[in-house]
Amino acid sequence: MQFQSAEYVRSAGTPEQFLRDPFPKMVFAGRSNVGKSSVINRLTGRKNLARVGASPGKTRQIHYFLVDNSLYLVDLPGYGYAKVPKEEKARWANLMEQFFKTEGPRISGGVLIVDIRHRPTADDVTMYQWFRDSGCPVAVAANKLDKLKKREIEPALTLIRETLRLRPSDPLISFSAEKGHGKEALTAYLLDCRGGNS
Ligand code: GDP
């Protein structure tokens, strides 16, 4: 299983710019620097696809990528970066609130990306709850697996599962954007949410 094509479609900084389109939307969220762009790049097999998020003026926007002409990957702006000014945080919170309020029912699946080395933050818990409240399936990708020793993996996953209070049905996928680990499992989840497995 591998996506064949992926293209950047647009960025949205206000609700008017949200994409209204019948294709399923898979929504990616995570703290700044957790590796969200790297995960999206790994999933699509494109080195620089999600780098659009790093270009000036685009860091605080929602980015839409169309894969295989049938599914959107929606990249929410990263959160939790300590140095961001207060107004900027408020703008982010407002954009997220609008997004989940208007788009929530249309989200086909959520992917929360966390760092496998750390206990999820309060912001991660909030984000997980936003996904839950919109009624969509949620998978958690525990990224940077390559940074842990083998014996550290299970306890780390347990800590994540317990802190976020995942439901047994929520996939928790250990992932390494760097090495490719977990790509198959996360791709299968995305295709499953789309409602097909071709
Ligand atoms: P974003 O801010 O969440 O989009 O994060 P980036 O994708 O820009 O990644 C942040 C940093 O983490 C970069 O230096 C990446 O090279 C690094 N990174 C991302 N994923 C992994 C991973 O799976 N393993 C390791 N070792 N580093 C990673």
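Computed from a predicted model, the values in this text were never measured in an experiment.

K.L.:
Quick one: what's the story with the packing of aromatic side chains, residue by residue and with numbers?
P.N.:
Under the criterion given, the structure shown has nine aromatic pairs. By the ring-pair criterion, three or more aromatic residues cluster together here, those being F18, Y79, W92, F99, F100, W130 and F131.

K.L.:
Residue-level account of the site of the ligand, with values.
P.N.:
In the vicinity of the ligand there are 16 residues, among which N33, K36, S37, S38 and D146 approach most closely. In this structure, an oxygen atom belonging to the ligand sits 2.6 Å away from a side-chain N or O atom of S37. A distance of 2.7 Å is found between a nitrogen atom of the ligand and a side-chain nitrogen or oxygen belonging to D146. For the ligand, whose unbound accessible area comes to 580 Å², protein coverage reaches 73%. Class assignment of the residues belonging to the shell around the ligand gives a composition of two nonpolar, seven polar and seven charged.

K.L.:
Tell me what's going on with unusual backbone geometry, and back it up with residues and numbers.
P.N.:
Phi at D68 takes a positive value of approximately 50°, unusual for a residue other than glycine. The topology assignment puts D68 in the loop between β3 (62–67) and β4 (71–75). Residue classification places D68 among the partly exposed residues on the basis of a relative accessible area of 25%. Here the phi dihedral of N69 falls at roughly 50°; this positive angle occurs in a residue that is not glycine.

K.L.:
Quick one: what's the story with the side chain of S108, residue by residue and with numbers?
P.N.:
Of note, S108 is situated in strand β5 (residues 107–115). Taking the relative accessible area as the measure of exposure, S108 reaches 18% and is therefore buried.

K.L.:
Pulling in residues and values, what's your account of the environment of V39?
P.N.:
Tracing the chain through its elements places V39 in helix α1 (residues 36–44). Accessibility expressed as a relative area gives 0% for V39, which makes it buried. Considering only alpha carbons, one finds V39 and A141, 102 residues apart in sequence, at a separation of 9.0 Å. Ignoring any residue separated from it by four or fewer positions in sequence, one finds V39 in contact with F28, I113, N143, F175, A177 and L186.

K.L.:
Can you tell me about the pairing of β5, naming the residues and giving the values?
P.N.:
The element β5 is extensively covered by neighbouring structure, given that nine of its nine residues are classed as buried. Pairing geometry for strand β2 (residues 25–30) and β5, over six bridges, is parallel. Bridging across to β5, F28 finds its partner in V111. Direction of pairing for β5 relative to strand β6 (residues 138–143): parallel, over a ladder of six bridges. Counted as the bridge partner of D115 is N143 from β6. You can see the chain leave β5, run along helix α3 (residues 122–133) and come back into β6, and the turn it takes is right-handed.

Calculation notes
Along each chain, the written sequence defines residue order, and numbers are assigned to residues from 1. Residues qualify for local features only when their pLDDT is at least 70, as the model is predicted, and side-chain atom pairs are given and counted only at 80 or more; totals for whole chains, interfaces and linings, by contrast, use all residues. Think of the side-chain values as coming from all heavy atoms in the structure, minus any hydrogens and water. The criterion for an aromatic pair is that two Phe, Tyr or Trp rings (for Trp, the six-membered ring) have centres within 6.5 Å, with stacked assigned to planes under 30 degrees apart, edge-to-face to planes over 60 apart and tilted to the rest. Residues are counted as near a molecule or strand when any one of their heavy atoms sits within 4 Å of it. N or O atoms within 3.5 Å of each other form a polar contact, as long as, within protein, one can give a hydrogen and the other can take it, and as long as residues adjacent in sequence are counted only when both atoms are side-chain atoms. The protein chains shown are the only cover counted for residues, whose accessible areas, like all others here, come from Shrake-Rupley with a 1.4 Å probe. Residue polarity follows a fixed list, in which Ala, Val, Leu, Ile, Met, Phe, Trp, Tyr, Cys and Pro are nonpolar, Asp, Glu, Lys and Arg are charged, and the others, Gly among them, are polar. Secondary structure is summarised from DSSP: a helix means a run of H or I of at least four residues, a strand means a run of E of at least two, and numbering begins at the N terminus for each. Only protein chains enter the accessibility calculation, which uses a 1.4 Å probe. A residue is then buried if its area is under 20% of the maximum for its type, exposed if over 50%, and partly exposed in between. Throughout, a contact is declared for two residues whenever any of their heavy atoms are within 4.5 Å. When DSSP finds at least two bridges between two strands, those strands are taken to pair. Orient the strands so they point away from the viewer; a crossover is then right-handed if the path from the first strand over the helix to the second runs clockwise.

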